[in-house]
Amino acid sequence: MIKNIISGIKAYFGAFSLVSKLKLWKYFAIPMLISFVTAIAVFGSAYALSDNIGNFIAKIWIWDWGKETFSSISNVIGGLIIIVIGLILFKHIIMALSAPFMSPVSEKIEAHFTGNVPHTHRNTSFMQQLWRGIKINGRNLIMELLLTIPILLLKFIPVVNIFSTILLFLIQAYYAGFGNIDYTLERHFQYKESLQFVRNHRGLAIGNGIVFILFLLIPVIGVILVLPLSVTAASIKTVEALQIKKNSVNAA
């Protein structure tokens, strides 16, 4: 697992040069615009709601003693909840809507590394790719929220909240990497087969997603560049994993 996480992170080191070498920047124009507009909408709304969430949590404490302290903690936790949910919504929205534009990118990367032109993979249309992206990311959004909400409640427990922060980050990373990996899997596997493939390669998904989430912490530039670099890095490692799987099947 740790080895695959590191491998997923290292794939980013050659991503920028590969995008330039294969002249892929033109494919990212619309996804980068989608990413920028979505970031403004999601995080703008989140900022506006942060105080309301904090005030709502503060009402749980009905006693006078310690009320001021609890209110301060509630504001911090409310802000954290907004940030976490904002990140979750942002990444799944942009990955779902960008699916038809990212598939050609991963296809060209696959052709570059395997030399398979034309490909023998499944041929899907723009609308099929968009629906696949919505289906995968819709499913991942629900799963991530189901895991995230209980973990956010642990923020009220001292010491435990430190570990819950790490766990939250890893869950965010896993589902971000999941979406990036599926741009390549879409051509090779049906829906259920793709889910199993990502489960078997959790480390690669987490490694890819770690850098994805860190990019979002960089104002403006991070939001714009996160898709080009993360999708390229994910495609590199996914093609490599598919080749290893293919060779092992042929050897058997």
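Residues numbered from 1 in each chain as written. Predicted model: local features only at pLDDT ≥ 70, side-chain atom pairs only at ≥ 80, totals over all residues. Heavy atoms only, no water.

Undergrad: Help me understand the packing of aromatic side chains in this model?
TA: Two measures describe an aromatic ring pair: the distance that separates the ring centres and the angle between the ring planes. According to the stated counting rule, one finds seven aromatic pairs in the structure shown. Note on tyrosine 174 and tyrosine 175: the rings are 4.9 Å apart at their centroids and 75° apart in plane angle, and the pair reads as edge-to-face. In this structure, tyrosine 174 and tyrosine 175 share a single accessibility class: buried. Each ring, one from tyrosine 175 and one from phenylalanine 178, has its centre 6.4 Å from the other, and the planes form 10°; the classification is stacked. Separated by three residues within a single helix, tyrosine 175 and phenylalanine 178 lie in helix H7 (residues 160-185), roughly one turn from each other. The buried category is assigned to tyrosine 175, whose relative accessible area is 5%. (Phe/Tyr/Trp six-rings, centres within 6.5 Å; stacked < 30°, edge-to-face > 60°. Buried < 20%, exposed > 50% of the residue type's maximum accessible area, 1.4 Å probe, protein only. Helix = DSSP H or I, 4+ residues; strand = E, 2+ residues; numbered from the N terminus.)

Undergrad: Which parts of the structure should I look at to understand the environment of leucine 168?
TA: Considering the arrangement of structural elements, one finds leucine 168 in helix H7. Note: C-alpha distance between leucine 168 and leucine 152 (16 residues apart in sequence) is 8.1 Å.

Undergrad: Quick question: what am I supposed to make of the nonpolar core here?
TA: Inside soluble globular proteins, nonpolar side chains tend to come together where they are buried. Ranked by internal contacts, the top residues of the largest apolar core, which has 33 residues, are Tyr12, Phe28, Phe90, Ile94 and Phe212. Put simply, the parts of the chain that give this core at least two residues each are helix H2 (15-21), helix H3 (29-58), helix H4 (67-97), helix H5 (99-114), H7, helix H9 (202-216) and helix H10 (221-251). Per element, the largest residue contribution to this core is seven residues, and it comes from H10. Filtering out sequence-adjacent residues up to four positions away, phenylalanine 212 remains in contact with Tyr12, Lys91, Ile94, Ala176, Asn180, Val226 and Ser230. Residues Leu168, Phe178, Leu195 and Ala241 belong to the second largest nonpolar core, which totals 27 residues. (Core = buried A, V, L, I, M, F, W, Y, C linked by side-chain atoms within 4.5 Å. Contact = heavy atoms within 4.5 Å.)

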